[in-house]
Structure formats: C-alpha cells, structure tokens
Amino acid sequence: MRISVIGCGYLGAVHASAMAALGHTVVGIDVDERKIAQLAAARPPFFEPGLPEILASSTATGRLRFSTDIADAADAEVHFIAVGTPQAPGSNAADLTHVDAAFEALLPHLADGALVVGKSTVPVGTAARLAARLAEAAPHAALAWNPEFLREGYAVKDTLEPDRLVYGVGDDRAQHVLDQVYRAAIEAGTPRIVTDYATAELVKVSANAFLATKISFINAMSEIADAAGADVTALADAIGHDARIGRRFLNAGIGFGGGCLPKDIRAFTARAEELGRGEAVAFLREVDAINLRQRQRVVDLAVELLGGSVHERRIAVLGLSFKPESDDVRDSPALDVAVQLRGLGADVLATDPEAVGNARARHPQLAYTTSTEDALRDADLVVLATEWREYRALDPVEAGRRVGVRRILDGRNVLDPAAWRAAGWEVRSLGRP
Ligand code: UGA
C-alpha cells in the first residue's frame with residue numbers, strides 16, 4: 001500500500017521504517033528539517049535497537065522516503081498521524097497542537113477514499129472531533145484510530161510483531177484497509193480488536209495507566225518494606241507467581257519516567273475531570289505522587305549514606321536514560337536524581353552508554369562522561385540509576401578498585417547484594433533490608 005507517516009519521532013520513524021520493511025511504499029513527513037535529513041540519509045536521530053538496519057534496508061529499496069513537505073503525502077492511500085502529544089505547559093492535559101496542525105495540513109492533500117489513521121495518544125473524544133472535521137472538509141476520506149503499544153528499546157519488534165492490534169473505526173471499509181496494512185501480523189495470528197473511536201482511545205491510556213499503577217503499587221510496597229525490614233524483591237517474586245498478578249512491571253526502584261507513562265496518566269486525569277468523572281481515576285494522582293516520591297527517596301538515601309550531606313562529595317551516577325536500551329531522557333528519574341544531587345552541592349559525575357548527549361542538552365550544568373571507569377573513579381558513592389546491562393554486569397571487585405569508598409545505592413534493585421557485600425561494599429536500595 002502507499003502510506004504516509006506524519007511525525008517522525010520515536011513512534012513515527014519506527015512505524016514508517018517498519019511499514020516499508022513489510023513491503024509498503026512509505027513517505028515519512030516531519031516539519032523538523034534536521035530530523036528528515038538524518039532519516040533520509042538512513043541515520044536514526046535517536047538510539048533504538050534494530051532501527052538502523054530496517055531504515056537502511058528500506059531506504060535502499062526506494063520504498064521509504066522522507067520529506068518536510070506534506071504535499072508529498074498526497075498520493076498515499078493511508079496516512080498515519082504519529083506526532084507527539086506532550087503535557088501542555090502549566091497543565092496536566094495533553095497538548096494537541098501537533099495533532100491538530102498535522103491533521104489540518106493534511107486535509108487539502110487527501111485523495112478520494114484516503115484513510116487517515118491516528119496513532120498518537122490522545123484524550124478520549126479527539127477522534128470523534130477529528131472525524132466530524134473530516135466529514136466537513138474531505139467527505140470522501142475516512143478516519144480510524146489505531147493506538148500504538150510499542151516500548152522504546154523494543155520498538156521495531158513491537159511494531160513488526162505487535163501483541164495486539166486495536167482499530168477504532170467508523171465503518172467497515174476502514175477495517176478492511178487496516179487489515180491490508182497489517183496483513184503480515186494478522187496472518188501470524190495477532191489478536192485484533194475492532195471497536196469504536198472512544199474505546200480505542202481509552203484502550204491506550206488505560207493500558208499505560210495500568211502499567212503505571214503496577215509500578216507504583218510495588219514502589220508503595222517498597223516503602224512499607226523499608227519501614228518493616230522486609231524485602232520487596234522477594235515479595236514481588238512471590239506475588240508474581242500468581243498468574244493473575246504476574247511478575248512483569250513489578251520491579252521496585254527509582255520509578256517510571258519517559259515520554260509516555262508520566263504524561264499519559266496526567267492527561268487521563270485531566271480528561272476524566274472534563275468528563276465529570278475525576279474521582280474515577282483520582283488514584284492516578286496517588287500513582288504519580290508515589291512515583292515522584294521514589295526519586296526523593298533515592299536522594300534522601302544518598303544524603304543518609306554520606307552522613308547527612310552530599311556537599312562536595314563525589315557521586316557517580318550510572319545511567320541517565322529513563323530505561324535501558326534507550327537514549328530518551330524525557331522525564332527520566334535517573335537524570336532527575338543526578339540533577340537534584342548536583343543541586344545539593346554534590347560533585348556528580350554522570351554516565352550513560354547512549355544518553356549523555358541528550359542529558360547534556362537539557363542539563364549542561366552537570367558533569368558527564370561516557371566512560372563507566374571514569375565515573376567510578378574516587379567516588380564516595382555510586383548510584384545505579386538505570387539498569388543498563390553493563391551496569392548490572394559490573395564486577396564488584398573490579399569496580400571496588402576504582403572508587404574512593406565502596407558504597408553503592410542500587411536504585412533499580414538489580415545487583416546481587418551478597419556478592420557486592422562480599423567484595424567489601426556497603427549496599428543499599430529501596431525496599432530491601
Ligand atoms: C510505555 C508502554 O510500556 C508501551 O506499551 C507504550 O506503547 C508506550 O509507553 C507509549 O505510550 O508509547 P515506554 O515508555 O517505552 O513504554 O517504557 P516502559 O517499558 O513502559 O517503561 C516505563 C518506565 O517504567 C521506565 O522508566 C521503566 O524504568 C519503569 N519501570 C518499568 C519500572 O520502574 N519498573 C518496572 O517494573 C517496569
């Protein structure tokens with residue numbers, strides 16, 4: 001099929017490349033000239049495992065092009081809107097400026113029978129509003145809402161082999177067109193839920209709200225575990241064996257961040273209030289508060305470990321991205337903790353395998369290195385903030401030779417405390433004795 005993808009950020013760049021890899025002819029559109037130039041040269045503007053390969057192979061076949069001119073989308077049969085919906089400044093609500101702008105820019109270029117497919121995460125009600133606008137401005141085109149569930153770090157796999165497809169549609173034709181787009185996944189037996197716009201929009205935000213709630217639940221248990229002298233990781237293992245609960249997303253630690261979970265639960269709360277049902281999701285405020293408290297707990301524990309003040313003490317912060325296998329530092333708990341410790345006067349040296357550039361652009365006041373060895377050198381305290389494989393695999397004996405004092409705060413509960421203690425380290429974490 002001929003496809004356009006409007007918005008080439010984390011979602012759109014992966015979606016465009018994956019659709020081309022499936023054999024469709026794709027044009028990716030973005031207003032950011034630099035991003036488009038990089039993508040056209042088959043250089044991903046961000047770190048995402050597997051993306052360089054499918055971007056290179058698809059651009060080489062000529063099936064994948066990039067442009068800053070929306071008119072280049074005109075001959076597509078299907079247009080995916082994949083622009084960002086960040087938190088609006090000074091509010092919890094989602095900022096729909098980019099969705100509305102992309103949609104309006106597309107309208108004059110829609111061919112008869114074209115299908116516009118929303119992928120961006122939007123407040124429930126947005127698709128119905130856009131469908132009404134479409135009926136008036138381009139009555140021969142149709143709208144569908146097809147939320148995206150990809151995880152950064154696994155985005156290519158999640159797009160090529162989704163665990164489910166959700167279509168919010170207004171008529172059968174939209175379903176038929178989407179079935180052609182996703183034929184490979186459907187033939188592989190991927191479950192497909194065809195529903196109305198509002199349900200499709202809600203599926204997305206409720207999925208993220210559930211995941212955020214699961215993480216904050218276990219983090220709340222880690223607070224209780226700390227007070228009671230219990231071990232939250234053993235607790236998570238034990239309750240996780242109950243198939244109704246499941247072990248995934250029960251890793252207690254510094255909390256969730258990124259460009260999705262934090263802003264999505266806030267936008268959901270804001271939208272529920274507009275619908276007069278604020279109390280139904282009032283618990284999400286608590287989920288958010290528990291999550292932000294984790295960052296404070298890490299900072300407080302660092303202060304405690306250094307005897308009451310971090311002032312002028314050398315702290316190595318390992319990890320800056322919001323999670324491993326990503327260079328994304330949007331609302332990253334790791335970066336937030338590094339900045340807070342710096343603000344308290346600590347001599348912070350922060351490192352990350354991929355995210356130093358993005359972190360430095362946001363917080364130039366912090367000192368950075370791309371070398372773990374450098375970060376560890378003479379440290380009074382090591383804070384493991386993002387569980388990259390190379391930090392999980394650190395050898396406590398080797399690392400112990402580099403630091404000033406063998407003291408580590410495991411902000412992700414991924415180290416084996418016994419092995420580290422055996423190598424002479426003082427080990428602390430959230431929710432473990
Ligand atoms: C999330 C959802 O998982 C995707 O399904 C969704 O498509 C995406 O948002 C989106 O809305 O676009 P992502 O933001 O890539 O994906 O990250 P997650 O893997 O969900 O992790 C979110 C945060 O939770 C990370 O900071 C991670 O470190 C943290 N986390 C995760 C925990 O603290 N504990 C856990 O047990 C799991």
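Residues numbered from 1 in each chain as written. Predicted model: local features only at pLDDT ≥ 70, side-chain atom pairs only at ≥ 80, totals over all residues. Heavy atoms only, no water.

A.B. asks: For this particular structure, what's the right way to read the sheet that holds strand 5 (residues 115-118)?
C.D. replies: In sheet architecture, strand pairing relies on hydrogen bonds along the backbone and comes in two forms, parallel and antiparallel. Strand order across the open sheet formed by eight strands is 3-2-1-4-5-6-7-8, with mixed pairing between neighbours. Two strands in the sheet have a free side with no partner beyond their single neighbour: strand 3 (64-67) and strand 8 (192-195). For this sheet, the mean angle separating the axes of adjacent strands, direction not counted, is 20°. Summarising the sheet, strand 5 and strand 6 (residues 142-145) pair through four bridges and their orientation is parallel. Paired with V116 across the bridge in strand 6 is L143. Packed onto the sheet, helix 1 (residues 10-21) meets strand 1 (2-6), strand 2 (25-29), strand 3 and strand 4 (78-81) and runs at close to 170° relative to strand 1. (Pairing = 2+ DSSP bridges. Helix = DSSP H or I, 4+ residues; strand = E, 2+ residues; numbered from the N terminus. Axes fitted to C-alpha atoms, helices over the stretch in contact; angles between N-to-C directions. Contact = heavy atoms within 4.5 Å.)

A.B. asks: Sorry if this is basic, but what is going on with the domain arrangement of the protein chain here?
C.D. replies: It is common to give the size of an interface as the accessible area that goes away when the parts come together. Segmentation of the protein chain into domains returns domain 1 (2-195), domain 2 (205-288) and domain 3 (295-429). For domain 1 and domain 3, the distance between their C-alpha centres works out to 37 Å. With seven residues of domain 1 in contact, the opposing surface of domain 3 contributes ten residues. Contact between domain 1 and domain 3 buries roughly 680 Å² in total, counting both sides, with carbon and sulfur atoms accounting for 46%. In terms of surface lost to domain 3, no three residues of domain 1 exceed Y10, F47 and E152, which account for 79% of the buried area on that side. Note that E152 and R330 form a salt bridge whose closest N and O atoms lie 3.2 Å from each other. At the junction of domain 1 and domain 3, the tally comes to five residue pairs in polar contact (both at pLDDT 80 or more). Its residues placed into classes, the side of domain 1 that touches domain 3 shows four nonpolar, one polar and two charged. (Domains from an automatic or database assignment. Buried area = accessible area lost by both parts, 1.4 Å probe. Salt bridge = Lys/Arg side-chain N within 4 Å of Asp/Glu carboxyl O. Polar contact = N/O pair within 3.5 Å; in protein donor to acceptor, adjacent residues only side chain to side chain. Nonpolar A, V, L, I, M, F, W, Y, C, P; charged D, E, K, R; others polar.)

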